[in-house]
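Survey of secondary and tertiary structure
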Amino acid sequence: MKIKRMNIKRVMIVGTMIVAMSFGGTAWGKPALHTLPVAKWSTSDVADKDELLDALSLSPSSDDELYDALYDGKSLKTIAEENGGNINSVISLQVKQLTQQLDARFASGSITQMQYTAQKAELREIVTESVMTSFG
């Protein structure tokens, strides 16, 4: 069976969101905090320069290489270390992207101020754990 390769930024955002949702049962599971962030699949947020590949010190044509490394169970931390990348830049990038989504959800009224505050407070911790975790 042939697997269609997705844009790696989308893979990373979805992967991070899956981790966030899995923690959401415990970290955000308070009665007033039922709504969790949802990954958006729009292409309007995709930049011309691939910031994730840049932070990992991978060439712009390394989408397949990154996809394969993640598929093989490597963490983003391991990939960054192997290529001389900056793991703190990877974490900051993902936090920035997920914060933008969270801001949009709050602005649209789909989450309350309390939900927004709680989710935003835990975002960096959840992203950091996701980036450091191998899934192999």
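So, here's what we can say about the structure. (Residues numbered from 1 in each chain as written. Predicted model: local features only at pLDDT ≥ 70, side-chain atom pairs only at ≥ 80, totals over all residues. Heavy atoms only, no water.)

Summed over all chains, the structure comprises three salt bridges. Residues E82 and K74 are paired through a salt bridge, measuring 2.9 Å at the closest nitrogen-oxygen approach. The exposure class of E82 is partly exposed, given its relative accessible area of 48%. For K74, a relative accessible area of 31% corresponds to the partly exposed category. (Salt bridge = Lys/Arg side-chain N within 4 Å of Asp/Glu carboxyl O. Buried < 20%, exposed > 50% of the residue type's maximum accessible area, 1.4 Å probe, protein only.)

In the contact formed by helix 3 (residues 63–71) and helix 4 (residues 76–83), the axes pass within 10 Å of each other and the chain directions differ by 130°. Taken together, helix 3 and helix 4 sit at an angle that is classed as oblique. At the point where helix 3 passes helix 4, the crossing takes the right-handed sense. Contacts from E65, L66, A69 and L70 of helix 3 reach helix 4 at L76, I79 and N83. Looking at side-chain class alone, the contact of helix 3 with helix 4 contains five nonpolar, one polar and one charged residues. (Axes fitted to C-alpha atoms, helices over the stretch in contact; angles between N-to-C directions. Helix = DSSP H or I, 4+ residues; strand = E, 2+ residues; numbered from the N terminus. Parallel < 35°, antiparallel > 145°, perpendicular 65-115°, else oblique. Left-handed = near helix turned anticlockwise from the far one by under 90°. Contact = heavy atoms within 4.5 Å. Nonpolar A, V, L, I, M, F, W, Y, C, P; charged D, E, K, R; others polar.)

The subject of this paragraph is helix 4. Residues L76, I79 and A80 constitute the buried set of helix 4. Buried residues of helix 4, viewed axially, fall in a sector of 100°; they line one side. Positive backbone phi, at 75°, marks G84, one or two positions downstream of helix 4. (Arc of directions from axis to C-beta.)

Turning our attention to helix 5 (residues 87–108). The terminal C-alpha atoms of helix 5, which comprises 22 residues, lie 32 Å apart, in line with the 32 Å expected from a rise of 1.5 Å per residue. When helix 5 is considered as a whole, its buried residues turn out to be I87, V90, I91, L93, Q94, V95, Q97, L98, T99, Q101, L102 and R105. A distance of 2.9 Å separates the backbone nitrogen of N88 from a side-chain oxygen at the start of helix 5, and that oxygen is part of N86. Once helix 5 ends, the next one or two residues include G109, with phi positive near 85°. (Expected span 1.5 Å × (residues − 1). Polar contact = N/O pair within 3.5 Å; in protein donor to acceptor, adjacent residues only side chain to side chain.)

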